[in-house]
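Remarks on the overall topology
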Amino acid sequence: MERAIGDLSRLPPIVTSWEIEALKDQIALAQRGDAFVLQGGDCAETFDECTSENIVAKLKILLQMSLVMLHGLKKPVVRVGRMAGQYAKPRSADTETRDGVSLPSFRGDLVNRSAFTPADRIPDPQLILRGYERAALTLNFVRSLIDGGFADLHHPENWDLDWVGHSKTADRYHEIVRSISDSLDFLESILGRAVHQTQRADIYAAHEGLHLSYEQAQTRYLDHRKRWYDLTTHFPWIGMRTAQIDGAHVEYFRGISNPMGIKIGPGMTVEWLQNLIRVLNPNNEPGRISLIHRFGATAIEDGLPPLIKAVRETGSPVLWVCDPMHGNTESTADGTKTRRFDKIVAELEAAHDVHQSMGSYLGGIHLELTGENVTECTGGARGLTDGDLARTYKSTVDPRLNYEQAMEVAMRLSGLGKNLD
Ligand code: PEP
Ligand code: CO
């Protein structure tokens, strides 16, 4: 392990402090209600899925969602991928048992391998180097696609929108799509060039900062800024399982200058949250803290208000982000993990209403999604059922929204506050 960490610490960083500070500024804008943050990507990226098609599909869904949201919310949308480093997973059980055989749990490609054999489940330190390489390859390709314009995004023929016709609100959705395409055409005709050439579509990277050896090996003190930065990603977040005030993760996050997320949900107390904010943002720096709440559709209305009040008492600005996925995971009769589209939307709507009623601002959304046509979550315009799940279920951990479901969430979100049912 020592050797792998030593090797990793000598390699160049994946991101720069300029990009990190630019994201912090954008998050500060969103905290004030002047922008909206879209975070999305896999629950767990895998080394095998680091392919051209997957990266293109993920970029496409994030960009298309952000156009829909920009149109509906009339605010800049800051895009943050759960990508280029989302390789380590917290697990609730240390072991996994199949047919009477128990083995150590799979903890993500950065730690061990998913195949169910004793050898594959032994942690392999070399995997942190393989993860670093995959993260760098992913971000390198994303940057090249963006610099090259990732052209013609706005032409409706490049949008896979057949599903819109299956929706109860098909007319409204068609109108959104038509109106986006008209606005882009209009802009291009006055600018005399393609919109993508005039506005760089930045995408930032985020992952759970779980594997401290990996993060630490790429953490540097930058003389020109006189501060420490985690240079594996722009935006690391702390999961609730590792957010103990006196724990190693909080100690690490306290020392870096990146903007950071904290996942909060049932079990997070007022005192705990206030302490986290005091420790992680002692100077009330704008842009620094995003609170990603994940209560579940049935718990949010009771769970969220006391925390909004508690945060206000700290004086720290925060960005409130709704993760409508992790509180709504359930198992089907045959034990397949899934999430129901209606519950995801219900939590999102409840989040919007709670924040609005308390004079607070819901400034972001955090989703597990993929640009592919998987069948992992049920519902949505096509009405996927439990019986459809077996068809294309690829996730190694949590179920993700597919392309159509993710676009539908973006459209719902754009209509929030406008009585779109
Ligand atoms: C995740 O984001 O994949 C995750 C494990 O979330 P949480 O910590 O909110 O359960
Ligand atoms: Co997950």
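Residues numbered from 1 in each chain as written. Chains lettered and ligands numbered in written order. Predicted model: local features only at pLDDT ≥ 70, side-chain atom pairs only at ≥ 80, totals over all residues. Heavy atoms only, no water.

Right, let's get into the packing of aromatic side chains. All chains considered together, the criterion is met by 3 aromatic pairs. With 5.0 Å between their ring centres and 80° between their planes, Phe 47 and Tyr 87 make a pair best called edge-to-face. Of this pair, Phe 47 sits in the loop between β1 (36-41) and α3 (52-73) while Tyr 87 sits in the loop between β2 (77-82) and β3 (95-98); the two residues are 40 residues apart in sequence, bridging distant segments of the chain. Directly above the aromatic system of Trp 18 lies the positively charged group of Arg 225, at a separation of 5.4 Å from the ring centroid. (Phe/Tyr/Trp six-rings, centres within 6.5 Å; stacked < 30°, edge-to-face > 60°. Helix = DSSP H or I, 4+ residues; strand = E, 2+ residues; numbered from the N terminus. Lys NZ or Arg CZ within 6 Å of the ring centre and 35° of its normal.)

A separate point is the coordination of the cobalt ion (ligand 2). At this site the cobalt ion (ligand 2) is bound by Cys 43 (SG), His 326 (NE2), Glu 368 (OE) and Asp 398 (OD), with donor distances of 2.1 to 2.4 Å. Donor residues for the cobalt ion (ligand 2), ordered by position in the chain, follow C-x282-H-x41-E-x29-D. With Glu 368 in strand β14 (residues 362-368) and Asp 398 in the loop between β14 and α12 (403-415), this residue pair connects regions lying 30 residues apart in the sequence. Judged by relative accessible area, Glu 368 falls into the buried class, the value being 0%. With relative accessibility at 8%, the residue Asp 398 sits in the buried group. (Donors = N, O, S within 2.8 Å, 3.2 Å for Na, K, Ca; no water. Buried < 20%, exposed > 50% of the residue type's maximum accessible area, 1.4 Å probe, protein only.)

This next bit is on the site of ligand 1. Near ligand 1 the following residues occur: Cys 43, Arg 82, Lys 89, Pro 90, Trp 237, Arg 241, Lys 263, Arg 294, His 326 and Glu 368. Take Arg 82: an N or O atom from its side chain is 2.9 Å from an oxygen atom of ligand 1. In this structure, Lys 89 approaches ligand 1 through a side-chain N or O atom, which is 2.7 Å from an oxygen atom. Along the lines of polarity and charge, the residues of the shell around ligand 1 split into 3 nonpolar, 1 polar and 6 charged. (Near = heavy atom within 4 Å. Polar contact = N/O pair within 3.5 Å; in protein donor to acceptor, adjacent residues only side chain to side chain. Nonpolar A, V, L, I, M, F, W, Y, C, P; charged D, E, K, R; others polar.)

There is a patch of nonpolar side chains on the surface, built from Phe 186, Leu 187, Ile 190 and Leu 191 and spanning about 390 Å² of accessible area. As for its placement among the helices and strands, Ile 190 is situated in helix α5 (residues 170-191). Judged by relative accessible area, which is 60%, Ile 190 ranks as exposed. (Patch = residues over 30% accessible without salt bridge, like charges linked within 9 Å, V, L, I, M, F, W, Y side chains within 5 Å. Areas by Shrake-Rupley, 256 points an atom, 1.4 Å probe, with all protein chains shown as cover. Salt bridge = Lys/Arg side-chain N within 4 Å of Asp/Glu carboxyl O.)

For side chains bearing opposite charge, pairing can occur when the charged atoms are close. Counted under the stated rule, the structure contains 27 salt bridges. The shortest N-O distance in the salt bridge between Asp 124 and Arg 113 comes to 3.2 Å. With a gap of 11 residues between them, Asp 124 in the loop between β4 (101-104) and α4 (126-147) and Arg 113 in the loop between β4 and α4 connect regions that are remote in the sequence. The salt bridge involving Glu 368 is made with Arg 339; its shortest N-O contact spans 2.8 Å. With Glu 368 in strand β14 and Arg 339 in strand β13 (residues 337-339), this pair connects stretches of sequence that are 29 residues apart. A relative accessible area of 0% places Arg 339 in the buried class. Sharing partners across several salt bridges, the network here consists of Arg 82, Lys 337, Arg 339, Glu 368 and Asp 398.

A word on the environment of Gly 192. Mapped onto the elements, Gly 192 comes out in the loop between α5 and α6 (195-198). Using a relative accessible area of 64% as the deciding quantity, one classes Gly 192 as exposed. Residues Gly 192 and Leu 384, 192 residues apart in the sequence, show an inter-C-alpha distance of 43 Å.

The alternating pattern of strand β8 (residues 235-238) places Phe 235 and Trp 237 and Pro 236 and Ile 238 on opposite faces, both of which are buried. As paired strands, strand β5 (residues 203-208) and β8 are joined by 3 bridges and run parallel to one another. In the sheet register, His 207 faces β8, and the bridge partner there is Pro 236. Bridge count for β8 against strand β9 (residues 260-264) is 2 bridges, and the pairing is parallel. Considered in β9, the bridge of Ile 238 is made with Ile 262. Tracing the backbone out of β8, into helix α8 (residues 248-255) and back to the parallel element β9 gives a crossover that is right-handed. (Pairing = 2+ DSSP bridges. Right-handed = clockwise from strand over helix to strand, strands pointing away.)

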